[in-house]
Structures are given as structure tokens and as C-alpha cells.
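Close look at the chain arrangement
Letter by letter, the chains look like this.
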Amino acid sequence: MTHSDARPDKDASDAGSGSGVSSAPVIVRTPGPTRFHPSVPRALLRAAGVALGLALPAGSAALAQAPSAPPPTQPGDLDALEGRVIREVLVRRPDTSEGAAPGALAAVDAQTESLAINQVRVREGAAYTAAAISQDINRLNRLGRFKRVESLAQLMDDGSVRVIYLVVPQPIVRDVQAVGNRQISNQDIAKEVDVLVGTPIDNLQLDRASRRVQDLYRKRGYYFAQVTVDREHLEKTDGEVLFRIREGERVKVAEIRFEGNTAFSPSELKDKLKPREAWLLDRGPVDDNALDTDVAELVRFYRDRGYLDVRADRQVRPSPNGREAIVTFLIDEGRVYTLRSVDVVYPEREMRSFRTVEAAQAAMGPDDRMMVLGPGEVTLFKGGVLSPAQVQGLMFLKPGDVYAVNKINESTESIRAAIGKLGYADVEVERKERRAEDRPEVDLLFIIREGQRFRTGEVIIRGSELTQQAVVRRQVQLQPERPLDATAIQETKVRLEDLRLFDLDPRRAPRVTLQKPDELDPRYRDVLVEVQDTNTGRFSIGGAVASDSGVTGRIALEQNNFDVADTPSTFGELTSGRAFRGAGQTFQIEALPGSEIQTYSVSLSEPYLLETNFSGSVSAFYNERSFDEYTEERLGGNFAVGRRFGTRWTGSIPVRGESILLRDFQADRPVEITRYEGRNLLTGVGVTLSRNTLDDRFVPGKGSKLDLSAEQVGSLGGDFNFTKFSAGYQVFLTIHEDFFGYRTVLKLSTSASYIPQSESKVPVYERYYLGGQSLRGFEFRTVSPRGTRPDGTVTTNTPVGGTFAFFAGTELRQPLWEDILSVVWFVDSGTVRNSPGLSEYRVSTGLGLRIYIKQLSPAPLAFDFGTPLKKEKFDEKRLFTFSVDLPF
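These numbers come from a predicted model, not from an experiment.

Here we come to the overall build of the chain. Per the secondary structure count, the chain includes 16 helices and 37 strands. A burial count over the chain gives 43% of its 888 residues as buried. Considering only contacts in the chain between residues 6 or more positions apart, those separated by 24 or more positions represent 61%. Of the roughly 44,400 Å² of accessible surface on the chain, a fraction of 52% belongs to carbon and sulfur atoms.

Below, the discussion takes up the environment of Y302. When you line up the elements, Y302 lands in helix α9 (residues 288-303). Of the residues examined, Y302 reaches a relative accessible area of 0% and is grouped as buried. Residues Y302 and E333, 31 residues apart in the sequence, show an inter-C-alpha distance of 7.5 Å.

This part takes up the pairing of strand β15 (residues 428-435). Regular strands place side chains that alternate from one sheet face to the opposite one. The pairing of β15 with strand β16 (residues 441-449) spans eight bridges and is antiparallel. Each bridged residue has a counterpart across the sheet, and for V429 the counterpart in β16 is I448. In this structure, the hairpin formed by β15 and β16 is closed by a connection of five residues.

In total, this model carries 19 aromatic pairs according to the counting rule given. Summarising the aromatic geometry, the rings of F264 and Y307 are spaced 6.0 Å apart at their centres and angled 70° between planes, so their arrangement reads as edge-to-face. Of this pair, F264 sits in the loop between β8 (252-259) and α8 (266-270) while Y307 sits in the loop between α9 and β9 (311-318), and the two are 43 residues apart along the sequence. Side by side, F264 and Y307 carry an identical accessibility label, which is buried. Taken together, a centroid distance of 6.4 Å and an interplanar angle of 50° make the contact between Y630 and F665 tilted. Taken together, the positions of Y630 in the loop between β24 (614-626) and β25 (631-645) and F665 in the loop between β26 (649-663) and α16 (671-674) put the pair 35 residues apart, joining distant regions of the chain. The class of F665 is buried, set by a relative accessible area of 17%.

Here the focus is a nonpolar patch on the surface. A surface patch of nonpolar side chains, amounting to about 570 Å² of accessible area, comprises F539, I541, I555, L557, I589 and V602. Looking at the nonpolar patch, the elements with two or more residues in it are β20 (537-546) and β21 (550-562). With respect to the helices, strands and loops of the structure, V602 is situated in strand β23 (residues 597-606).

All right, on to the pattern of salt bridges then. Two side chains bearing opposite charge may form a pair once their charged atoms approach each other closely. In the structure shown here, the tally under the stated rule is 60 salt bridges. One salt bridge in this structure joins E624 and R663, with 3.1 Å as the shortest N-O distance. Remark: R663 occurs in strand β26 and E624 occurs in strand β24; sequence separation between them is 39 residues. Exposure remark for E624: the relative accessible area of 17% places this residue in the buried category. Between R776 and E811 there is a salt bridge whose closest N-O contact spans 2.9 Å.

Further remarks concern the nonpolar core. Y630, L662, F720, V764 and Y765 are the most contacted members of the largest nonpolar core, which totals 25 residues. Among the elements of the structure, β26 and β33 (804-817) are those that each provide at least two residues to this core. With residues near it in sequence (within four places) discarded, V764 still touches Y630, L662, E672, I673, Y676, Y769 and V800. Judged by nonpolar contacts, the second largest core, of 22 residues, contains Y346, L397, V429 and L444.

On to the sheet that holds β8, then. The strand order across the open sheet built from three strands is β8-β10-β9, with neighbouring strands paired in mixed fashion. For this open sheet the edge positions go to β8 and β9, each flanked by a neighbour on one side alone. Sheet twist, expressed as the average angle between the axes of neighbouring strands with direction ignored, equals 20°. Bridging between β8 and strand β10 (residues 324-332) involves seven bridges; their strand directions are parallel. Along β10, the bridge assignment pairs V253 with A325.

The next point concerns the side chain of E624. A polar atom in the side chain of E624 sits 3.1 Å from the side chain of Y622. Only 3.1 Å separates the side chain of E624 from the side chain of R663, close enough to count as a polar contact. Apart from the residues within four sequence positions on either side, E624 is in contact with E596, I597, Q598, T631, E632, E633 and R663.

Time to look at the environment of V357. Structurally, V357 can be placed in helix α10 (residues 357-363). V357 gets classed as partly exposed once you look at its relative accessible area, which sits at 28%. In sequence terms V357 and V372 are 15 residues apart; their C-alpha atoms lie 7.7 Å from each other.

Glancing now at the side chain of T744. Along the chain, the position of T744 falls in strand β30 (residues 743-754). Looking at T744, its side chain comes within polar contact range of the side chain of Q814, at 2.5 Å. T744 has contacts with L733, T734, I735, H736, L812, R813, Q814 and P815, leaving out every residue within four places of it along the chain.

Calculation notes
- Residues numbered from 1 in each chain as written.
- Predicted model: local features only at pLDDT ≥ 70, side-chain atom pairs only at ≥ 80, totals over all residues.
- Heavy atoms only, no water.
- Helix = DSSP H or I, 4+ residues; strand = E, 2+ residues; numbered from the N terminus.
- Buried < 20%, exposed > 50% of the residue type's maximum accessible area, 1.4 Å probe, protein only.
- Contact = heavy atoms within 4.5 Å.
- Areas by Shrake-Rupley, 256 points an atom, 1.4 Å probe, with all protein chains shown as cover.
- Pairing = 2+ DSSP bridges.
- Phe/Tyr/Trp six-rings, centres within 6.5 Å; stacked < 30°, edge-to-face > 60°.
- Patch = residues over 30% accessible without salt bridge, like charges linked within 9 Å, V, L, I, M, F, W, Y side chains within 5 Å.
- Salt bridge = Lys/Arg side-chain N within 4 Å of Asp/Glu carboxyl O.
- Core = buried A, V, L, I, M, F, W, Y, C linked by side-chain atoms within 4.5 Å.
- Axes fitted to C-alpha atoms, helices over the stretch in contact; angles between N-to-C directions.
- Polar contact = N/O pair within 3.5 Å; in protein donor to acceptor, adjacent residues only side chain to side chain.

This is the structure in C-alpha cells:
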């Protein structure tokens, strides 16, 4: 829209004097979008146009047109200025100083003018185009530095055009404050506010900061807290940002309810929710984000059980005092769907379409499969790497089963992994669901794109300077010339990380990547393994307290990437840590001084002897232990050769030699102890076999561990000759897992040990004992046969051990607070005798706590309170047992 006004004198004085050109009627256009701020009076903008002799666009209904004069072009001609030469480009602002004439314009500061001129593309001497002006306005608006941007154009007497960009700068932030906050400090609030003093006010930025502060309050339980920016204060103070906070009361979840649930009880659904009802250790705050997550989790829970049409929502109802709230989850369950059929198609294989089944059958070859997609849609296609029967065999549910979405997801991954193991590194498995119209049944179609089949080319190892390539190559599960197993890539990465020999920072962690197909033979793809060495040496000082062993300190020097053959060639290599490193061996020097036990040892282990599946270890030690009856000293060494059988079974042949001294006897010591007074030599050769499927080394939730062993003592000489047999089995079962992955675990344990020879052939320090940590509720080592006085007439209360031991126990662990604090309930039972049998059987029960803080201990700390249910005459009770809860 165009408009003219003849006020040349006023325009010349404000728009820029000294041009020597008298003004003529003007045409003003606003080709780009204009942003109006509520604080800018439109009357000011109208007055600005009148003062300059300019006309504002009539497109804004709120702007009145100035008195008109005959323009050089017809009214409404939007192209009147197009193509004319631009004489001047100016940046101006409304003059709001005291005494300024209405509508007067003023120059902007040098910084603002430079900023605006650098953004616009219109220049003096160029041709005027409405499109260019509109683009300039867009660029100025995007800066966020102006409340409003407008363009004004004046037609000069010589036919040129003066372009004026009218800007209303945003105020600058002079200060940021918060009022009304009593429960959260200014420092904590400042961390959520990204509004900086000295920067222009950005309303979107202020709104985001308000929401972040409000979210901070809600995370701390103030669900109805409100945070707003005082706009009136901002205008009056010209840049002082004031956050007004209404904290309200801290709201806790008094009760969680469900409406519409018929298939599952409230207790079953509550276990899946993040918010919890308030109780002693949990405030139970109301959190919108957590509630939205819970709604999604409820939907997932139902879909995993076949309710594909489920819908869920939530509702928060505060109490009158605003301190409590009832959270209600609204559920529309829908119907339970079952799997009706499973089929598979390979779209990259040959496909042919037919209109009838008969026509397809007539053309069907021996390798063809037919699929009826609908009326007049029959397809013949070639089969792929897996047949429909094989696909069904890899799935975790079968036709007729409830259509559980999680099982379908697991089945999809199982199919992808199975094809990947055959060398299809780029396999894609997509699924399509088609629901029956009349029944809640689903037909499932897997669409498999196999891609090209590859073989493994060269395995390239890079990045390690100290660690031998053989150490890395042992963990690589991809073998050259074998089919390229795509699933082995992730497995290799996990195994390298588990070694703890390489940097685990995400930027430098072990990486295993497939390379492009070989140019000479595209059937092959190389595998690149990248690792970065890290510090594998460790010097540690610590300690432990246990009811069975007292107070023990620990000083240890350990190198997990040791190389006994890498002797230093210079003293600098030794001091810099570049010697004795790189072979993946473990070397340890350890001192464990304590109140009841002292141990000093040196050990070296090699997990891959001569790059085979055999392992080896050797150690030397000195051990001293104080018992109630005597003090025992052991000086000796161990040697073992082991072998891995796959990933679960391991076996070993341990050899030991020990010099044992008993001293510091009690005054009434029994004859079973005194006969072994002094120093004795003991040697032994054994064999062990174990199977381990535990999912976690220190806090298992599922899996089992089987241990079998036999040892012939005296086979290499010594003062004793007897045989020891033992067997143990533990199984861990996860009976419940909540939304966070915290598991309720049932542990079942049993073990038996037996020495066929009579007790007179076996020294007391090689016999079996129970009690303390091994049988809670009883004193340490007191579940045992008792000794007799030297005259053989009176039985003492001193335990002397037995040649047969049996144990059976059950333990249930329930998390209380995340995975840090758990409660356990246990039943322990067992006996120790001098002959096989279950007489003199003991049973105890009790409760305990488990505290798991990885920084303190790799395994949970155990605090158990036990009491005997069945005991013998001389048994001694122990109420409290403290230890480290090792799973085996």
C-alpha cells in the first residue's frame, strides 16, 4: 500500500541534512514482517511518520494514515520505488527524550548503528527492491536486539530513494534478582538462570529461565510453585529482571490410585511407577516429568502383556492444605491380543505378482513361496537365509501366545543376530503388524533385507604403544576367513573394556569398526580395533572390619598389565613405567596387617600361557591367624595351571606347599590340638572344575555357579596324607524387577565337603568348621565336634573340626533405597561331623542389611542379625555378623 505526504522541511532536518536535495512526496513500504512490542505506543509510530512527511503502510489496521498529497504514482501502486537508486541508508530510533517533538526520530548509538548496518544488505547506489528490504528486516529481527523493526522510504526530488530502518532497541539487562524464595537459595536459583547482565532482554530466554526455576522447585517437592517475571518492574526500571516466586507448600504423594484397571491389581502396577507414596525414608514428591514417564511406563507394561489398545492418563488432586496430593492413574485397558501367524518376506529377492492364487500356483517353482496380500494381490518370492519355520524357532513367543510387544522386540533382535552371525553385516529386520478385523489377533510379517554376505578380512589393531597386540587379539571374536559375525563386534568391545587395561573415557574407549569392502575382493571386510593405553598400575591403602577376622589393614601394589619378560634396558624405563608392562599379566604385592589375621604375599598370574587357553599363577605368602585355641602360622607357596573350556567352564590343577606352626595354646587345650604342636610340612596336588553363568561378579541377579574340587594332601611329601573332596552350588533367581531395574533376588546355596580318612589322620587346621559368616546365628567356627582332655575322660567345649561338612541356605534380598540399601531375610542350616550324615543339624534364621557403595567396596557390606532355631548343647550363639557379602 502507498501513501504520500508533503512535509519536505521537517523530513530533511531529521532524516539527514546536507544532502542538497529537497524532498518530494514520499512513498513508504514495509516489505518484511514487523514485530510490535506492547510497550511501544503505536501513536509514537504514527507521529514519526507525520514528522518525517512519511506514510506508514495501511496494512496495519491500528495505524492511521497521514494527510495525503498527490503521489507521483497512482495510489496503491506497490512498485513505485522499485529499481530507483538508493541515495542514503540510515538507522534511526524514536526520540523519547524529554521535550522531544511528537514523532521525532533520533540517532542510535554507534554500536547499535554498526550492528544494524552490518546486518542489512541494502547499500547506497544500489537499486531499491522491496524483497531486499524485507530480507533486511528479517535479519534485524533475528538478532533479538530490537523490540520493533520498521522500514521507511522517501522519494527525493532527483528520483533517488532514502531508506530509513526504524528500530526500537531492547533494554539491556542491568540486574537479575529473585524474591519470595525461602526454601531454595539464590545461588541454586542462579544456576538455573542463564540471563546475563549486560545483554539485551530476550523474552523467550526469560520464559525459559522461569520454567527452569519452577522445575527446580517441583523436583524438590514444591509442586504448586509459581515463578514469573515481573514485566511492570522490568519496564519501570529499564532492565532490572525480577523473578517473583510463590513457593507454596511442599507436596508429597499421600496415595497412588488407579481407575479402570481390571486385569492387574494396584500393587502390580505400583511397582512400575517412579513416584512413590511418602514414607519414612522417601518424601514422595510430586513431579510432572516423573508422572508423564509413569504414564508411558504403564502403557508399555500393558502392551508387553498384549493390551495393544491401552490408553492411560494421570490426575493430581491436592489436599485442602496443599501439603499432600492423591495421584490417580486413569487406564482404559482394551482387549488382549494374541499372535495368529508369522511370515517372512525378502524384498531384495526375486518377486512376481499375480491376480489369482491359481495363476500363482501354476507358475510356482520349487524355491518359490506364495503370499496372499489381499484380493487380486498374490505374490511369489524367493526364500531367504531363514525360512518361516526357522524364524519362528528364533522367536520368544509362538502363534497363539499373548502378543507381548517386549517379546516381539526381543524376537526381532534375535532374528537380526542370527542372520548377522552368518556374515550379513548390514542386515535389516523390519516388522509389519496386521490386526484382524473381527478378533483381537495379529498377523506378524518380518521384512528382512539381508544385504551382502561378507567374510572377515584382516583384523587391524591400532592405538596401543605399550600393550602387546596379542593381548588385544585374544579378545577379538572375529577370525579372518570366517563369516563376518556382526554380533561379535559388540562382544569384542565389551571384552576389551572388561580387561580394564585401556582408557574407558568415551572419547578414547575401545572401538571396533567394520571397514569398507575390500576393493580387490568385495566379499571381504577388514575389522579395525582401536585402543588407547591407560595407567594400569595401582597403589592402594585401605582397611576392613569383619566379625570373623577383626580389623585388617591393606597396603597393595598391583600392576594389571604386567610383563615379566620385559626387563628394563635403562633406569629411565623402569622409573617411567615403560618396563615390565604390556603382556596382560597381573602382578601384586600385598600386605594385610590386622588384629587377628596378618597376611603378606607376592603373586603373578598369566591368563594366556603361551597364547593358549591355559592360564598359570604362582604366589608366595606368609599368614598368621589368632584363634581362641591357638595361633597358626603358615609359610608357603602355590602354583596352578588352569584351562578355559568355552566361556563358562574352567578347570585347574593347583599345587601347594606349606610349613605350618601352631603356638600359644590355651591352658586346657584338648589332645586333638596338642598332637600337632610345632612345625609341620604339608603339600598337596588337586584338581578343580567350575561353571559360572552369573550376570554380575559381585552383585548377581541371575545365573549359577558350580564348584567341584579334589585334593590329595601328601602327594609331594610332607607330614600328612589324606584326601579332600568338596562340591558347592549356588543359584540366583530374580523374582521381581521394578521400573528402575532394582531386583528382588532369591539366592539358594548348598555345599558339602568330605575327607574319607579318620580325623586322627587330619590336622585340626585342615578340618572343616561352620559358624560366623558361614552359618549365621552361631559363633565363628563353633559348629564342630568338640575335643577331649589328654586323659580322654572329659569332653571340652573347644571345637576341633570335623571331616564332613554340609551347608544349605536360602537368602532373599529386597532393595529398599535404589541399589544402595537392601534388606535380606535368610535361613542357614548345616552340620559338621566326623562321618557323613545329617545328625546334629543346626538351623538359624534372621534379617540383615546390605549397603552397596562402590567407592567403599566392590561387593556390598553385610550386617546380619541371626538367631538359632535348632542348636546343639555346646553351640555358642552370635546375634550380629558383619562382613563383605561376596557371592561365593
